[in-house]
Amino acid sequence: MAQSAAPAPAASAAIPAVAPISLKQIAPWALFGGILMLVLLYFVGAEQGATSLLSGENVHEWVHDGRHLLGFPCH
């Protein structure tokens, strides 16, 4: 059997244990991400016609390709 040229790792080179992230630390970021995703989903999927918050066709034109990519009908 061949000998390895790399030295064996020393015991002091062990990876230190990482403390788990608590739910209290994750919750605000998860809430922010969830609200951001819902706002983006609204603008991509429903910002036109009777449910429109902004007048004009600008939002529709900006997210038009995203609507088709995600399967939302728009015309």
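To start, this report covers the structure provided alongside it. (Residues numbered from 1 in each chain as written. Predicted model: local features only at pLDDT ≥ 70, side-chain atom pairs only at ≥ 80, totals over all residues. Heavy atoms only, no water.)

1. Some words on the packing of aromatic side chains
For any two aromatic rings, the description comes down to two numbers: the centre-to-centre distance and the angle of the planes. As enumerated under the stated definition, the model contains two aromatic pairs in all. Look at Tyr42 and Phe43: their rings are 5.4 Å apart centre to centre, the planes differ by 70 degrees, and that puts the pair in the edge-to-face class. Residue classification places Tyr42 among the partly exposed residues on the basis of a relative accessible area of 21%. (Phe/Tyr/Trp six-rings, centres within 6.5 Å; stacked < 30°, edge-to-face > 60°. Buried < 20%, exposed > 50% of the residue type's maximum accessible area, 1.4 Å probe, protein only.)

2. What about a nonpolar patch on the surface?
A cluster of nonpolar side chains, Trp29, Phe32, Leu36, Met37 and Leu40, forms an exposed patch at the surface whose accessible area comes to about 600 Å². A residue is classified by how much of its surface remains accessible, and Phe32, at 52% relative accessible area, is exposed. (Patch = residues over 30% accessible without salt bridge, like charges linked within 9 Å, V, L, I, M, F, W, Y side chains within 5 Å. Areas by Shrake-Rupley, 256 points an atom, 1.4 Å probe, with all protein chains shown as cover. Salt bridge = Lys/Arg side-chain N within 4 Å of Asp/Glu carboxyl O.)

3. Some points on the side chain of His64
Looking at the secondary structure, you find His64 in helix α2 (residues 58-70). In this structure His64 comes out as buried when scored by relative accessible area, which is 19%. A distance of 3.2 Å separates the side chain of His64 from the side chain of His68, its partner in a polar contact. Sequence-distant contacts of His64, that is, excluding residues within four places in its chain, are made with Cys74 and His75. (Helix = DSSP H or I, 4+ residues; strand = E, 2+ residues; numbered from the N terminus. Polar contact = N/O pair within 3.5 Å; in protein donor to acceptor, adjacent residues only side chain to side chain. Contact = heavy atoms within 4.5 Å.)

4. Describing α2
Along its 13 residues, α2 runs 19 Å from first to last C-alpha, staying within 8% of the 18 Å computed at 1.5 Å per residue. Helix geometry: α2 is bent most strongly at His64, by close to 55 degrees. For α2, every residue scored as buried is listed here: Val59, His60, Val63, His64 and Arg67. As for α2, its buried residues are in contact with α1 (23-45). Two residues or fewer after α2 comes Gly71, characterised by a positive phi angle close to 90 degrees. (Expected span 1.5 Å × (residues − 1). Bend = angle between axes of the 7 residues up to and from the residue.)

5. Thoughts on the side chain of Arg67
Checked against the element boundaries, Arg67 lands in helix α2. Once you skip the residues sitting within four places of it in the chain, Arg67 turns out to touch Phe43, Val44, Gly45, Glu47, Gln48, His60, Phe72 and Cys74.

6. Structural notes on the packing of α1 against α2
A pair of packed helices can be characterised by two numbers: the angle between their axes and the separation between those axes. Packing of α1 against α2 brings their axes to within 8 Å, and their N-to-C directions diverge by 95 degrees. Considering their axes alone, α1 and α2 lie roughly perpendicular with respect to each other. The segment α1 lies against α2, with Phe43, Val44 and Gly45 engaging Val59, Val63, Gly66, Arg67 and Leu70. Residues belonging to the contact of α1 with α2 are distributed by class as follows: five nonpolar, two polar and one charged. (Axes fitted to C-alpha atoms, helices over the stretch in contact; angles between N-to-C directions. Parallel < 35°, antiparallel > 145°, perpendicular 65-115°, else oblique. Nonpolar A, V, L, I, M, F, W, Y, C, P; charged D, E, K, R; others polar.)

Remember, this is a structural readout, not a statement about activity or role.
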